Amino acid sequence: MQLTTTRHANGLLVQVGEQRIDAASAIRFKDDMREIVEQSDGRVVLDLGQVQFLDSSGLGAVVSVMKILAPARPLELARVTPTVARVLQLTRMDRVMRIHEGLPDDLGQPGVAA
Amino acid sequence: MSEGLAFCGRADPPGEVGPGPVLTFDERFAATPDQVRKGLMRAMARVRRARPDHDPGTLEIVLAEVLNNVAEHAYAGGPAGAVELGLSLSGGTVDCTVCDRGAPLPRHLLDPPAVAAEGPDASPADAGLPVIADELPEGGFGWQLIHALAENLRYARREGCNHLAFSVTLGPGQRG
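For clarity, every value in this text was computed on a predicted model and none was experimentally measured.

About the cut-offs
- Residues numbered from 1 in each chain as written.
- Chains lettered and ligands numbered in written order.
- Predicted model: local features only at pLDDT ≥ 70, side-chain atom pairs only at ≥ 80, totals over all residues.
- Heavy atoms only, no water.
- pLDDT = per-residue confidence, 0-100.
- Contact = heavy atoms within 4.5 Å.
- Buried area = accessible area lost by both parts, 1.4 Å probe.
- Salt bridge = Lys/Arg side-chain N within 4 Å of Asp/Glu carboxyl O.
- Polar contact = N/O pair within 3.5 Å; in protein donor to acceptor, adjacent residues only side chain to side chain.
- Helix = DSSP H or I, 4+ residues; strand = E, 2+ residues; numbered from the N terminus.
- Nonpolar A, V, L, I, M, F, W, Y, C, P; charged D, E, K, R; others polar.
- Disulfide = S-S within 2.5 Å.
- Buried < 20%, exposed > 50% of the residue type's maximum accessible area, 1.4 Å probe, protein only.

## Observations concerning the confidence of the model for chain B
Residues and elements named next belong to chain B.
- Taken as a whole, chain B shows an average pLDDT of 82; of its residues, 75% reach a score of 70 or greater.
- Predicted confidence for residues 1-5 stays below pLDDT 50, and this span has 5 contacts to residues more than four positions away or in other chains.
- Every residue in residues 116-121 scores below 50 in pLDDT, and together they form 6 contacts with partners more than four places removed in sequence or on other chains.
- Prediction confidence for the complex, expressed as pTM and ipTM, is 0.88 and 0.94 respectively.

Written out as structure tokens, the structure reads:
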């Protein structure tokens, strides 16, 4: 999976450079995210601005990342596109994780890309 | 790509020229996640071409869940079989059929999910309670999405084939 991480003062920004997180790629996404999570600490913001489609497998992978981070580290989503927003809303997952319309403005200064 | 009755015979004949519904898409492909993704994208491209002023987002969600369900469960324990996807456009509605030769679909999946006693908004987050992340499900969302978005969902088991039929209404306006 194409994942670009940038360490900011107040969180780790992970930009997903894929158009789909679906049954064909969900396991790979989950494994790659687990590695990123294990090598970092603090809040994680997942930038889904390029992700046009997320199915229930992709959602399950996002939830599993949230569970790995819990309870000390929050997982937040940013720049969710319309179809992805629909899936989050229908499954009520938009009530259990914070979703930002743009990038959160409290990420702080970026450091060196991780 | 369709070979007529060689795979799973259709109860209705495929679309014909004339007043009948136009069969926008009719393909068979392997029921694997990768081939499902590709088949789904081909189907969506066809629908977008036929209905450029509509939003096919909900159609894509339903088709992904139904096709992935076949890929994951229909042929479980054996080699991946095929799945056949047929789409017919009728105004702003897409009539869909998904057929496979795998294990029978468990009938309880066809029942809409039970509504929680507290009502449709029964989420701990709604009640102001802290959400315990450990207790969140990582699966089971698929049929929830199907039941929320598919209309007139019906199933038949005929001659070793599963036939799942449903309709999805395309949204108005094209999203960017």
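## Concerning the interface of chain B and chain A
- Taken together, the contacts link 30 residues of chain B with 26 residues of chain A.
- Of the roughly 2500 Å² buried between chain B and chain A on both sides combined, carbon and sulfur atoms contribute 62%.
- By the criterion of area lost to chain A, the three top residues of chain B are R37, E138 and F141 of chain B, representing 24% of everything that side buries.
- Connecting chain B to chain A are 2 salt bridges.
- The shortest N-O distance in the salt bridge between D22 of chain A and R37 of chain B comes to 2.8 Å.
- Linking chain B with chain A are 6 residue pairs in polar contact (both at pLDDT 80 or more).
- Among the elements of the structure, α1 (33-50), α2 (57-74) and α3 (141-149) of chain B are those that each provide at least two residues to the side of chain B that touches chain A.
- Counting residues per element, the side of chain B that touches chain A draws most heavily on α2 of chain B, which supplies 7 residues.
- Classifying every residue of the side of chain B that touches chain A by side-chain character gives 15 nonpolar, 6 polar and 9 charged.

## So, unusual backbone geometry
- With an omega of -5°, the peptide bond between A70 of chain A and P71 of chain A qualifies as cis.
- Structurally, P71 of chain A can be placed in the loop between α2 (56-69) and β6 (75-78).
- The phi angle at N152 of chain B is positive, at roughly 55°, despite the residue not being glycine.
- When you line up the elements, N152 of chain B lands in strand β5 (residues 151-158).

## Notes on the state of the cysteines
Residues and elements named next belong to chain B.
- This structure, assessed with the given rule, holds 1 disulfide over all chains.
- Linked covalently through their sulfurs, C8 and C161 form a disulfide whose S-S length is 1.8 Å. Between C8 and C161, the disulfide has an S-S torsion of -90° and is therefore left-handed. Of this pair, C8 sits in the segment before β1 (22-30) while C161 is found in strand β6 (residues 161-169), placing the two residues 153 residues apart along the sequence.
- For C8, a relative accessible area of 0% puts it in the buried group.
- Unpaired in terms of disulfides, C96 finds its nearest cysteine sulfur in C99, a separation of 12 Å.
- What makes C96 buried here is its relative accessible area of 2%.
- Free cysteine: C99, not disulfide-bonded; nearest cysteine sulfur from C8 at 5.5 Å.

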